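Chain residues, written in single-letter form:
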Amino acid sequence: MAEFWLISAPGEPTPDRAWTILQDKTTRESDLSKNHRIHLPELKIGTLDTLVGLSDDLGKTDTFVESVVKKIASYLADVLEGDSQEKLSENLKANGDDPARFLANFRWDVAKYPVKLPLKNLSEIISKQVSQIDADLKSRSQQYNQVRSNLQQLERRTTGNLMTRNLGDLVTKEDFIIGSDYLTTLLVVVPKSSAQEWRMTYEKLTDMVVPRSSKLVFEDGDHSLFTVTLFRKVVDEFKLHAREHKFLVRDFAYDENAQDSDRNESQKLEAEKRRQFGPLVRWLKVNFSEAFTAWVHIKMLRVFVESVLR
């Protein structure tokens, strides 16, 4: 990434001659830098006391505006979710141009920042403008992040391992005894290495287990998911003995409506995320440009003020 220095040099004996000397020393003789001459308009200087106070204020404003520029760029990268650096660069423009070219070819925006205003007023205009951008960024990012967070929570429930994930999408109504006052079906997570042990022992973990009722439902990398049917009155005892063999009985009650509700919620969140994505990216692009150009104007004000003070 290019590094830019903003330099103010005494215009002696004339500004053109000072520019020529700078070019000779840093470009033609030593190839230290590539220089760009920037023309600032006639800004109102004001009193010495005003300039001294403004020098401190501009430093704080500079730091604040820089932080907002970086926050917008960072959040845009986050929203694009892994798209290439090239894709990010395409969206980070300053007045439609590459930020480096914008800086090299800088022209003071007299429409936004009228040169007839005192320097302090110009600084306050920029500070207020960027503060509003910062507040809007916080609001918009919170809305989008909430949707993403809710969607990620749903995804984690369906993509984790069998010890923690939602089991609803792995089973069907036919896997369960439903509506019986006496019998119930449990879901048991068994380490793959212990699957044979499970088949040999589950009927003996307690009385009142329905023989040959266990069925393999699903497997992931480390575990297998089995069903087993038994009498309700021995469920607690069965869980206790299952734990002794490192078999985990998951708390699960089959509810077809709940599974449909989860699917519908996921679809709604995906749709809401898509709905917010386009406008959010456009807002980030526009306001990166606004914040970056404001930042460069603050930099120019600092150079001007420090030059006058020295």
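Note that the structure is a prediction, hence the values are computed from the model and not measured. All residue numbers refer to positions counted from 1 along the written sequence of the respective chain. In view of the model being predicted, local features appear only for residues whose pLDDT reaches at least 70, and side-chain atom pairs are presented and counted only at 80 or more, with totals across whole chains, interfaces and linings using the full set of residues. In computing side-chain properties, one takes all heavy atoms of the structure into account and sets aside hydrogens as well as water.

Participant: Please provide a residue-by-residue account of the packing of aromatic side chains, values included.
Facilitator: When two rings of Phe, Tyr or Trp (its six-membered ring) have centres within 6.5 Å they constitute a pair, described as stacked for plane angles under 30 degrees, edge-to-face for angles over 60, and tilted for the intermediate range. This structure, assessed with the given rule, holds twelve aromatic pairs. Where Trp 198 meets Tyr 202, the ring centres are 5.2 Å apart and the plane angle is 20°; that geometry is what we call stacked. Neither Trp 198 nor Tyr 202 differs from the other in exposure class; each is buried. Partly exposed describes any residue whose relative accessible area lies between the buried limit of under 20% and the exposed limit of over 50%, with all areas from a 1.4 Å probe on protein chains only and scaled to the type maximum.

Participant: I'd like a rundown of the pattern of salt bridges, residues and numbers included.
Facilitator: Each salt bridge in this description consists of a side-chain nitrogen of Lys or Arg and a carboxyl oxygen of Asp or Glu lying within 4 Å of one another. A complete count under the given rule lists 17 salt bridges for this structure. Where Arg 101 meets Asp 97, a salt bridge forms, and the shortest distance between an N and an O atom there is 2.8 Å. The partner of Glu 124 in a salt bridge is Lys 120, and the shortest N-O contact between them spans 3.9 Å. Within this pair, Glu 124 and its partner Lys 120 are both found in helix α5 (residues 119–159), separated by four residues, close to a single helical turn. For Glu 124, a relative accessible area of 43% translates into the label partly exposed. Only runs of H or I of at least four residues qualify as helices and only runs of E of at least two qualify as strands under DSSP, and these elements are numbered from the N terminus.

Participant: If you had to explain a nonpolar patch on the surface to someone new, which residues and values would you point to?
Facilitator: Exposure above 30% relative accessible area and the absence of a salt bridge qualify a residue for a patch, where like charges join within 9 Å and nonpolar side chains (Val, Leu, Ile, Met, Phe, Trp, Tyr) within 5 Å. All accessible-area figures derive from a Shrake-Rupley calculation using a 1.4 Å probe, and residue coverage is judged against the displayed protein chains alone. There is a patch of nonpolar side chains on the surface, built from Tyr 182, Met 208 and Phe 231 and spanning about 320 Å² of accessible area. Turning to its location among the elements, Tyr 182 is positioned in the loop between α5 and β1 (183–191). Judged by relative accessible area, which is 59%, Tyr 182 ranks as exposed.

Participant: Tell me what's going on with the nonpolar core, and back it up with residues and numbers.
Facilitator: Residues Ile 72, Trp 108, Leu 119, Ile 126, Leu 284, Phe 292 and Leu 301 are the most contacted members of the largest nonpolar core, which totals 43 residues. Contributions of two or more residues to this core are made by α2 (48–80), α4 (99–104), α5 and α8 (256–309). With 15 residues, the single largest contributor to this core is α8. The contact criterion used throughout is that any non-hydrogen atoms of two residues lie within 4.5 Å. Setting aside chain neighbours within four positions, we find Ile 126 in contact with Val 65, Tyr 113, Ala 294, His 297, Ile 298 and Leu 301. Judged by nonpolar contacts, the second largest core, of 17 residues, contains Val 190, Phe 226, Phe 238 and Val 249. By nonpolar core is meant a set of buried Ala, Val, Leu, Ile, Met, Phe, Trp, Tyr and Cys residues that side-chain atoms within 4.5 Å join together.

Participant: So what's going on with the environment of Arg 274? Which residues, and what values?
Facilitator: The topology assignment puts Arg 274 in helix α8. Judged by its relative accessible area of 58%, Arg 274 is exposed. Arg 274 sits 260 residues away from Thr 14 along the chain, and the two C-alpha atoms are 58 Å apart.

Participant: Please give an account of the layout of surface pockets that cites residues and values.
Facilitator: For each structure, a 1 Å grid was placed over the protein atoms alone; sets of points admitting a 1.4 Å probe that cannot get out are labelled cavities, open sets with protein on both sides within 12 Å along at least five of seven lines are labelled pockets, and lining residues have an atom within 4 Å of a point. Grid points are joined across faces, edges and corners, and a volume is the space filled by probe spheres set on the points. Computed from the structure, the largest pocket encloses a volume of approximately 1300 Å³. For the largest pocket, the lining is made up of 34 residues, of which Ile 7, Ser 8, Ala 9, His 36 and Ile 38 are closest to its centre. For the lining of the largest pocket, the elements supplying multiple residues, two or more each, are α1 (15–28), α4 and α8. For the lining of the largest pocket, the element with the most residues is α1, which contributes five residues. Here the term charged refers only to Asp, Glu, Lys and Arg, the term nonpolar to Ala, Val, Leu, Ile, Met, Phe, Trp, Tyr, Cys and Pro, and the term polar to all other amino acids, Gly among them. For the lining of the largest pocket, the residue count by class is 22 nonpolar, eight polar and four charged.

Participant: Quick one: what's the story with the packing of α2 against α5, residue by residue and with numbers?
Facilitator: The angle between two axes is taken between their N-to-C directions and runs from 0 to 180 degrees, where each axis is a line fitted to C-alpha atoms and a helix contributes only its stretch in contact. Two numbers describe how α2 lies on α5: the axes approach to 10 Å, and their chain directions differ by 25°. The angle between α2 and α5 places the two elements in the roughly parallel class. When the axes of α2 and α5 are compared, the crossing they make is left-handed. Working rule for angles: under 35 degrees goes down as roughly parallel, over 145 as roughly antiparallel, 65 to 115 as roughly perpendicular, anything else as oblique. With the far helix as reference, a near helix turned anticlockwise by less than a right angle produces a left-handed crossing, and one turned clockwise produces a right-handed crossing.

Participant: Give a detailed account of the pairing of β1, specifying residues and quantitative values.
Facilitator: Counting buried residues in β1 gives eight out of nine residues, a clear majority hidden from the surface. Strand pairing is defined by DSSP finding a minimum of two bridges between the two strands. Alignment of β1 against strand β4 (residues 248–250), held across three bridges, turns out to be antiparallel. Note on β4: the bridge partner recorded for Leu 187 is Arg 250.

Participant: Before we move on, could you go through the side chain of Lys 273 and cite the residues and values that matter?
Facilitator: Here Lys 273 is to be found in helix α8. If we skip the residues at most four places from it in the chain, Lys 273 touches Glu 81, Tyr 144, Val 147, Arg 148 and Leu 151.

Participant: I'd like to hear about the confidence of the model for the chain, residue by residue, with values.
Facilitator: Residues at a pLDDT of 70 or more form 97% of the chain, whose mean pLDDT is 90. Confidence scores here are pLDDT values: one per residue, from the predictor, ranging 0 to 100. Averaged pLDDT values over the elements of the chain bottom out at 79 in helix α3 (residues 85–91) and peak at 97 in strand β3 (residues 223–231).

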